[in-house]
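Topology and contacts: notes
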Amino acid sequence: MTATLGATAKPTPAKPTPPRPPLAGAAHFIGEPLLRSFWKVRALGTWHVPTSGPVILAGNHANFVDGPMLFAFAPRPTQVLVKREMFAGALGPILRGIGHIPVQRGVADRRMITDSLDVLAAGGALGVFPEGTRGQADFSAVHNGLAYLALRSGSPIVPVACLGTGARGSSIGALPGLRSRIDVVYGKPFRAVENADRRATRKAVQAASDRIVERLTAHLREAERMTGRAG
């Protein structure tokens, strides 16, 4: 279509940048010393997390404290996907103020997808536990949501292994012992696909998910080896 001579083209409106969560900086600042008052925490490999630009931090999930660990010890403020039930009651305003995103498990949560992609489009860091719920924490039950977000956004994924928060075979949800050692190990970033194709077809999402599981599992095994927790 040919533009009319002398007509003034209307500028394309810029996509609004999501506002910075009001409590994100403060919570990130106090989270680390607070958690260190309960447990002996080592944060390893934090230099693998890009200092700017969109990134997805993908952690294993054995215990309630994995979320706070990933959030507090990341080298930059991170907005974490948290199950919707946690936003009920007095905790809800705090989680929203920190910038965490509610997710309704077991369904296609369009609002969560939109909010997550907005964070990444604005160059933010998004924390995800792709197993969806607390379990064996070995990435054996990763859901395809992480692959979809990674494909749509084109963001790199940084694997995060939380070790010592819930030993395999222990009761799920049992808090780690006071002053016990916890390791939060960040790995090298990788892409969900090797090329720049961001089409999130069902086949592409499944292939990306398989690649993600392979990389996350390999990082977990390496983290266990380097921290002396293997076996």
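Residues numbered from 1 in each chain as written. Predicted model: local features only at pLDDT ≥ 70, side-chain atom pairs only at ≥ 80, totals over all residues. Heavy atoms only, no water.

Attention shifts here to a nonpolar patch on the surface. On the surface, Leu-34, Phe-38 and Leu-178 cluster together into a nonpolar patch covering about 320 Å² of accessible area. Within the element layout of this structure, Phe-38 appears in the loop between helix H1 (24–36) and strand E1 (40–44). (Patch = residues over 30% accessible without salt bridge, like charges linked within 9 Å, V, L, I, M, F, W, Y side chains within 5 Å. Areas by Shrake-Rupley, 256 points an atom, 1.4 Å probe, with all protein chains shown as cover. Salt bridge = Lys/Arg side-chain N within 4 Å of Asp/Glu carboxyl O. Helix = DSSP H or I, 4+ residues; strand = E, 2+ residues; numbered from the N terminus.)

Whether parallel or antiparallel, the strands of a sheet pair through hydrogen bonds between backbone atoms. Strand order in this open sheet of seven strands is E1-E7-E6-E2-E5-E3-E4, and the pairing throughout is mixed. The open sheet has two free edges, formed respectively by E1 and strand E4 (101–103), since each of these has just one partner strand. Recorded for the sheet is a direction-independent mean angle of 20 degrees between the axes of neighbouring strands. Contacting strand E2 (55–59), strand E3 (78–83), E4 and strand E5 (125–128), helix H4 (residues 110–121) runs over the sheet at an angle of about 150 degrees to E4. (Pairing = 2+ DSSP bridges. Axes fitted to C-alpha atoms, helices over the stretch in contact; angles between N-to-C directions. Contact = heavy atoms within 4.5 Å.)

Burial of E2 is extensive: five of the five residues sit out of reach of the surface. Residues of E2 alternate between two faces, with Val-55, Leu-57 and Gly-59 on one and Ile-56 and Ala-58 on the opposite face, all of them buried. Taken together, the four bridges between E2 and E5 define a ladder with parallel strand orientation. Bridged to Leu-57 within E5 is Gly-127. (Buried < 20%, exposed > 50% of the residue type's maximum accessible area, 1.4 Å probe, protein only.)

Attention shifts here to the environment of Arg-179. Here Arg-179 lies in the loop between strand E6 (157–163) and strand E7 (181–186). Residue classification places Arg-179 among the partly exposed residues on the basis of a relative accessible area of 38%. The spacing of Arg-179 and Val-41 is 138 residues in sequence and 8.8 Å in space, taken between C-alpha atoms. Those residues in contact with Arg-179, other than ones at most four positions away along the chain, are Arg-36, Ser-37, Phe-38, Trp-39 and Lys-40.

A few words on the confidence of the model for the protein. Per-residue pLDDT for the protein averages 83, and the proportion of residues at 70 or more is 83%. Below a pLDDT of 50 lies the segment residues 1–9, which in the model reaches zero contacts outside its immediate sequence neighbourhood of four places, other chains included. Contacts for the low-pLDDT stretch residues 168–172, under 50 throughout, to residues beyond four places or in other chains number nine contacts. (pLDDT = per-residue confidence, 0-100.)

This part covers the nonpolar core. Counting 27 residues, the largest nonpolar core has Leu-57, Met-69, Val-184 and Tyr-186 as the members making the most contacts within it. When contributions to this core are tallied by element, the ones reaching two or more residues are H1, E2, helix H2 (66–73), E3, helix H3 (91–98), E6 and E7. Here the element with the most residues in this core is H2; it accounts for five residues. Filtering out sequence-adjacent residues up to four positions away, Met-69 remains in contact with Leu-35, Trp-39, Val-41, Ile-182, Val-184 and Tyr-186. Judged by nonpolar contacts, the second largest core, of 23 residues, contains Leu-81, Ile-101, Ala-147 and Val-205. (Core = buried A, V, L, I, M, F, W, Y, C linked by side-chain atoms within 4.5 Å.)

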